[in-house]
Each structure stands twice: as C-alpha cells, then as structure tokens.
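Chain by chain, the residues:
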Amino acid sequence: MKRRSFFKFGMLSALASILKPQSLMGMNYAVSKVDLDPQKPVVISTWSHGLAANEEAWKLLGNSGKALDAVEAGVRHTESDLTNRSVGIGGRPDREGHVTLDACIMDDQSRCGAVAYLEGIKHPISVARAVMERTQHVMLVGRGAKSFAIDCGFEKFKTPIKEVKQDWKEWKKEHKDEFEKPEINHENHDTIGMLAIDENGNISGSCTTSGWAYKLAGRVGDSPIIGAGLFVDNEVGGACATGMGEAIIRIAGSHTVVEFMRQGHSPEMACKLAVERIISKHSDVKGLQCGFIAINKNGQVGGYSVYNGFNYAYKNSKENSQLIDAAFDRKW
Ligand code: ASP
C-alpha cells in the first residue's frame, strides 16, 4: 500500500472505532471483544468445525509458519472428517447422488486457485492450491479438475460414503419431483472458510464445501468463486462467506466485505454492510441465511449474518480456539 493510502486507511479505521458506540446502536449489533483487540498471528474460521481446524492451522501459524500453509492445513482437517456432512468427502451429494466438492484459496500476493464440481478426491483445497501454484489458470472444474488432481498425485476417495448414500436414498423416496426447489436449512448448508494473518502480517484464506445438500446436478455455489466465497487483499484484509451461495454471488460478497474494510470500516461492520446489501437485493429474505467473517491488516476480526445462529472459531496466541456468536440482522 502506498504510504498515503495507508495513512488514509489508518485514519479512517481510527475514526470508525471512535464512532462505533454512537453510530452502531442497532438492536442486534454487538461489538465483540476480539473485534477491538488487534493480534498477530490470528486464525478464524466458520462454524464450530472451525475449532478443530483452527488448532490444526495453529500448529503452523504458532511456529512462525505462513498464513497460506496454515489455511490449507486447517481446512484439510475438516475435509477429511467423515462425520462432517457439509464439507469434504463425508459431505452430502447432489440430487443424483454425486458428492461434488468446491474449494478455493487466496494468498497475500493476490494469487488464487479454485476447483469446482470435483468428485472423488480427498482434499479439494490442496488441488485448488496446486491450480494456483502449478498452472496459469485460476479455476478448474469437473472432469478436468479431477484429471489434473490425479495427474498431480492427489489421493482419491470413493464418495458418497455408505451412511450418506443411505440418507440420500431415503431423501430420494420423499422427493420424487426433480424440479422441486431444495429447502435450505441448518442441516444442508455449512462451509468452512478460514482466514489467517501470520506473524509477518501476511493474510491468506481458504474455503471448501460439499455445497448445498441435494442441489441440482451441476450446481456450483459461492465457495470456489474468488470474490464471492473468499477474497483477500493483503493491503486491507480478507473475508469469506457461508450460507446460500446464490445470494452471496449476487453481491460478490467477500470482495464487498474487503472493499468496505478498505473504506475504513471494522471487520464486523464491513460484514454487516455486506449482509445489508444482500437483504436489499432480495425482496424476500425468509430463510435466506448468509454469513461473513473478516480479518483486517491489524488482526482485528468480525462476523455478521442475516439470521442468528451463525458462529465462528477464533484462535490467537493467548487463547484456545473459541467459538464466537456472530452479530445478526434478524431472528429465525
Ligand atoms: N455457501 C455454500 C454454498 O452455497 C454452502 C454453505 O456455506 O452453506 O455452496
């Protein structure tokens, strides 16, 4: 960042924190302690599966490791958890029974890589990193992504696992109408998005999911889309998203959060403004859950969601990984 714009950013941040108590007295708005407490290194990630993922990331981050390595290692832990039904190889399939995985990664140099609609590979996040590091492309999808992963030597894994296949068969019996709009709820949506700042102040992020359970075949959500599911600008900060991907894509959600931070807003306020943008673009937000988490260049963090119930895991050098309830716009 040029010195001048750095000063501008710093001054606006300071102004934003001074103004906070007066200007942000919305009913559900709560300034979490961590939002006001700059730290380095720090890692945050979406939902309670983030607690264990943060601990994995910390093995690197806490030992002078790079944010990029930490965010890959952290979410790999979640991707290989066979009990997790919304991320990785234990995830639920589309309505035709295929588990299709989406992931992306972005580093402090604005390098990025992504895979979408990837089947039968254990660690989509590492394939996304390989796309970033070994090709001239940003995103590979479907059959091409799988061939690339196999050529690179990534571990294969047969999906869906037995229990998931059984659940899908039951679901199929009750949902014969193939054009029926799938319902979105706590059970069928969750992604792990992770953001880290390392001791050198460099920021990276990762995002990985099995997507919307029982989605239409071919559907890809926000999670592998740079700017929607994840965005990092090392001069400003990073953000990632979870929830209904279609709504997040419509506002280029994570990029929008980072741009709000660039304007001087705190991470939590930037997430709130992006959520409000989503709400303003939809005539009916009933059941439309979306949440963002964000980290800025000082290591301050925040999160915000449309509905209550969204939380994220936080870890720094002083505390064990802890779960923070994100502030929200409305109650279910
Ligand atoms: N955002 C993901 C998707 O739409 C799912 C989720 O986070 O719940 O695929």
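As shown above, the structure is provided for reference.
In this report, the structure presented in the accompanying data block is examined. Model, not experiment: these values are computed from the prediction.

## Observations regarding the sheet that holds strand β5 (residues 192-197)
- Sheet architecture is open: 8 strands sit in the order β4-β3-β2-β6-β5-β1-β11-β12, paired in mixed fashion. Of all the strands in the sheet, just β4 (139-141) and β12 (322-325) have a single pairing partner and so form its edges. Between one strand axis and the next, the sheet turns through 15 degrees on average, direction left out of account.
- Bridging between strand β3 (residues 112-118) and β4 involves 3 bridges; their strand directions are parallel. Within β4, the position partnered with alanine 114 by the bridge is methionine 139.
- Seen against the sheet, helix α2 (residues 49-61) touches β1 (42-46), β5, β11 (311-316) and β12 and runs at an angle of roughly 155 degrees to β1.

## So, the pattern of salt bridges
- Within the structure shown, the criterion is met by 14 salt bridges.
- The salt bridge involving glutamate 56 is made with lysine 59; its shortest N-O contact spans 2.9 Å. Taken together, the residues span about one helical turn, with glutamate 56 and lysine 59 both in helix α2 at a distance of 3 residues.
- Looking at lysine 59, the relative accessible area reads 53%, which means it is exposed.
- Salt bridges linked by common partners bring Asp69, Glu72, Asp107, Arg111, Arg129 and Glu133 together as one network.

## Digging into the nonpolar core
- Counting 53 residues, the largest nonpolar core has Ile44, Leu230, Val257, Ile278, Cys290, Phe292 and Ile295 as its most contacted members.
- For this core, the element with the most residues is helix α9 (residues 267-281), which contributes 8 residues.
- Ignoring any residue separated from it by four or fewer positions in sequence, one finds valine 257 in contact with Ala239, Ala270, Cys271, Ala274, Phe292 and Ala294.
- Formed by 30 residues, the second largest nonpolar core is a distinct cluster that contains Ala53, Ala57, Ala70 and Phe148.

Rules used in this analysis
Residues numbered from 1 in each chain as written. Predicted model: local features only at pLDDT ≥ 70, side-chain atom pairs only at ≥ 80, totals over all residues. Heavy atoms only, no water. Pairing = 2+ DSSP bridges. Helix = DSSP H or I, 4+ residues; strand = E, 2+ residues; numbered from the N terminus. Axes fitted to C-alpha atoms, helices over the stretch in contact; angles between N-to-C directions. Contact = heavy atoms within 4.5 Å. Salt bridge = Lys/Arg side-chain N within 4 Å of Asp/Glu carboxyl O. Buried < 20%, exposed > 50% of the residue type's maximum accessible area, 1.4 Å probe, protein only. Core = buried A, V, L, I, M, F, W, Y, C linked by side-chain atoms within 4.5 Å.

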